Amino acid sequence: ITIQCSYTGTPAGSTPCPSVTDFDGSGSGPYTVALSGPIPPGGCTTITFGNAAPGQALRYEYLPGDVGMDGFANTSDLLALVQGLQSSVANLSANLARYDVNRSGIVNTADLLRLVQLLNGVNTTRIWNGAAIVPCP
């Protein structure tokens, strides 16, 4: 298993790309991969397994505050979160990773507060307002 992280520069306060510390690959899955630390925010992390064919890798892109999933964190993400709350799609289990900004397990107005904090750099490693995701290579 190899892991590659791509991001512009070194995000303030970030840790380097993690390494694999444990892998449970028995049978036909599901598989568990333990990492030495968190995946850095604001970029792309690619995980490739063994002799996988080109293009057969897991790619994880994460930009704090990008609720609208357009590759940018900005105030339009506040509108996306409000609309998700109003339409009730935000609390569908398939959408929690997108809308549950404070990672509490439910989406509510506390997520709006956390999103404002992320955009303004409160209780986080950097100001995310205006940040753009570094796409996977």
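In this report, we go over the structure that sits alongside the text. (Residues numbered from 1 in each chain as written. Predicted model: local features only at pLDDT ≥ 70, side-chain atom pairs only at ≥ 80, totals over all residues. Heavy atoms only, no water.)

## Quick look at a nonpolar patch on the surface
There is a patch of nonpolar side chains on the surface, built from Ile1, Phe23 and Tyr31 and spanning about 280 Å² of accessible area. For isoleucine 1, the location among the structural elements is in the segment before β1 (2-6). Judged by its relative accessible area of 38%, isoleucine 1 is partly exposed. (Patch = residues over 30% accessible without salt bridge, like charges linked within 9 Å, V, L, I, M, F, W, Y side chains within 5 Å. Areas by Shrake-Rupley, 256 points an atom, 1.4 Å probe, with all protein chains shown as cover. Salt bridge = Lys/Arg side-chain N within 4 Å of Asp/Glu carboxyl O. Helix = DSSP H or I, 4+ residues; strand = E, 2+ residues; numbered from the N terminus. Buried < 20%, exposed > 50% of the residue type's maximum accessible area, 1.4 Å probe, protein only.)

## Describing the layout of surface pockets
The calculated volume of the largest pocket comes to roughly 420 Å³. In terms of lining residues, the largest pocket is bounded by 18 residues, among which Tyr62, Leu63, Asp66, Ala97 and Arg103 are the most central. Of all elements in the fold, only β5 (58-62), α2 (96-99) and α3 (109-120) reach the threshold of two or more residues within the lining of the largest pocket. For the lining of the largest pocket, a count of residues per class yields 10 nonpolar, 3 polar and 5 charged. (1 Å grid on protein atoms, 1.4 Å probe; cavity = no way out; pocket = protein on both sides within 12 Å on 5 of 7 lines; lining within 4 Å. Points joined across faces, edges and corners; volume = space filled by probe spheres on them. Nonpolar A, V, L, I, M, F, W, Y, C, P; charged D, E, K, R; others polar.)

## Digging into unusual backbone geometry
For serine 88, which is not a glycine, the phi torsion comes out positive at approximately 70°. You can see serine 88 is positioned in the loop between α1 (76-87) and α2. Phi is positive for asparagine 123, which is not a glycine, with a value near 55°. Since its relative accessible area comes to 63%, asparagine 123 is described here as exposed.

## Considerations on the sheet that holds β1
Read across the sheet, 3 strands follow the order β1-β4-β5 without closing on themselves; strand pairing throughout is antiparallel. Of all the strands in the sheet, just β1 and β5 have a single pairing partner and so form its edges. The sheet shows a mean angle of 15° between the axes of neighbouring strands, taken without regard to direction. Judged from the 5 bridges that link them, β1 and strand β4 (residues 43-48) form a sheet pairing that is antiparallel. (Pairing = 2+ DSSP bridges. Axes fitted to C-alpha atoms, helices over the stretch in contact; angles between N-to-C directions.)

## As for the side chain of aspartate 111
Locating aspartate 111 in the fold gives a position in helix α3. Salt bridges are absent for the buried aspartate 111, whose nearest opposite-charge side chain, arginine 103, sits at 6.6 Å. For aspartate 111, the side chain forms a polar contact with the main-chain nitrogen of asparagine 102, separated by 2.9 Å. Every residue in contact with aspartate 111, bar those within four places of it in the chain, is listed here: Leu81, Tyr99, Asp100, Val101, Asn102, Arg103 and Ile106. (Lys, Arg positive; Asp, Glu negative; His and termini not counted. Polar contact = N/O pair within 3.5 Å; in protein donor to acceptor, adjacent residues only side chain to side chain. Contact = heavy atoms within 4.5 Å.)

## A few points about the packing of aromatic side chains
Applying the stated rule across the entire model yields 1 aromatic pair. Seen in terms of ring centroids, tyrosine 60 and tyrosine 62 are 6.3 Å apart; in terms of plane orientation they differ by 25°. Their pairing is stacked. Tyrosine 60 gets classed as partly exposed once you look at its relative accessible area, which sits at 41%. (Phe/Tyr/Trp six-rings, centres within 6.5 Å; stacked < 30°, edge-to-face > 60°.)

## Quick notes on the state of the cysteines
Summed over the entire model, instances satisfying the criterion amount to 1 disulfide. Between the sulfur atoms of cysteine 5 and its disulfide mate cysteine 17 the distance is 2.1 Å. Since a negative S-S torsion denotes a left-handed disulfide, the cysteine 5-cysteine 17 link at about 70° is right-handed. You can see cysteine 5 sitting in strand β1 and its partner cysteine 17 sitting in the loop between β1 and β2 (20-24), a full 12 residues away along the chain. Relative accessible area serves as the criterion here: at 19%, cysteine 5 is assigned to the buried category. (Disulfide = S-S within 2.5 Å.)

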